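# Structural overview
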Amino acid sequence: MADVIIYEEDALTRTLLQEWLREAGYVPRAGTTCNASRDPPADLVVVSVSNPKQRGAQCIGAIRAAHPGKPLIAISGQFTPGVAAEGAAALALGVQQVVAKPLVREELLRAVRAVTSEPSSTPP
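All values derive from a computational prediction rather than experimental measurement.

### Concerning unusual backbone geometry
Most peptide bonds take the trans configuration, and most residues that are not glycine carry a negative phi. Across the junction of Lys101 and Pro102, the peptide omega takes the value 5 degrees, indicating a cis bond. Topologically, Pro102 is positioned in the loop between strand S5 (97–100) and helix H4 (105–116).

### Some thoughts on the nonpolar core
Residues Val4, Leu21, Tyr26, Ile73, Ile75 and Val112 are the most contacted members of the largest nonpolar core, which totals 19 residues. Of all the elements in the fold, those that place two or more residues in this core are strand S1 (3–7), helix H1 (11–23), strand S3 (44–48), strand S4 (72–76) and H4. In terms of residues, this core owes the most to one element, H4, which gives five residues. Look past the residues within four positions of Val4 in its chain and what remains in contact with it is Leu21, Tyr26, Val27, Pro28, Arg29, Ala42, Leu44 and Val46.

### Here we look at the side chain of His67
By the element assignment, His67 lies in the loop between helix H2 (52–66) and S4. Look at His67 and you get buried, because its relative accessible area is 1%. If near-sequence neighbours (up to four positions away) are discounted, His67 is found in contact with Ile5, Tyr7, Ala36, Asp39, Pro40, Pro41, Ala42 and Val45.

### Quick look at the environment of Ala85
As for its position among the elements, Ala85 is in the loop between S4 and helix H3 (88–93). Assessed through its relative accessible area of 27%, Ala85 is described here as partly exposed. In the structure, Ala85 is positioned eleven residues away from Gln96 in sequence and 7.9 Å away in space, judged by C-alpha atoms. Leave out the neighbours within four places in its chain, and Ala85 touches Ala90, Gln96, Gln97 and Val98.

Definitions and limits used
Residues numbered from 1 in each chain as written. Predicted model: local features only at pLDDT ≥ 70, side-chain atom pairs only at ≥ 80, totals over all residues. Heavy atoms only, no water. Helix = DSSP H or I, 4+ residues; strand = E, 2+ residues; numbered from the N terminus. Core = buried A, V, L, I, M, F, W, Y, C linked by side-chain atoms within 4.5 Å. Buried < 20%, exposed > 50% of the residue type's maximum accessible area, 1.4 Å probe, protein only. Contact = heavy atoms within 4.5 Å.

These values are about where atoms sit, not about what they do.
Structural data, given as structure tokens:
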């Protein structure tokens with residue numbers, strides 16, 4: 001299964017993401033948001049973006065530099081529910097998928113499977 005690094009400042013949200021991913025068979029771990037270059041490589045990066053239109057691209061650029069060639073999923077409360085996972089917001093940020101907060105487990109896992117080419121079934 002894929003090794004997933006999570007950049008999320010909120011401890012409760014980060015723990016929830018780790019739990020969901022672990023239950024789905026992934027190997028999640030927390031990243032060091034302030035210095036992504038110190039983190040070991042991962043197969044996939046999930047990054048929380050508080051303000052996608054302003055600091056989002058800068059934050060994602062630094063994380064992308066630390067994890068070159070790896071797929072990124074951006075999560076944010078600024079995305080509207082039902083936002084197209086691979087739509088305009090993803091293109092503007094230069095990520096493969098976006099997921100709106102508040103997070104829904106199945107939406108997150110669908111985005112993860114889409115970029116890791118994992119099967120679409122999830123455990124109960």
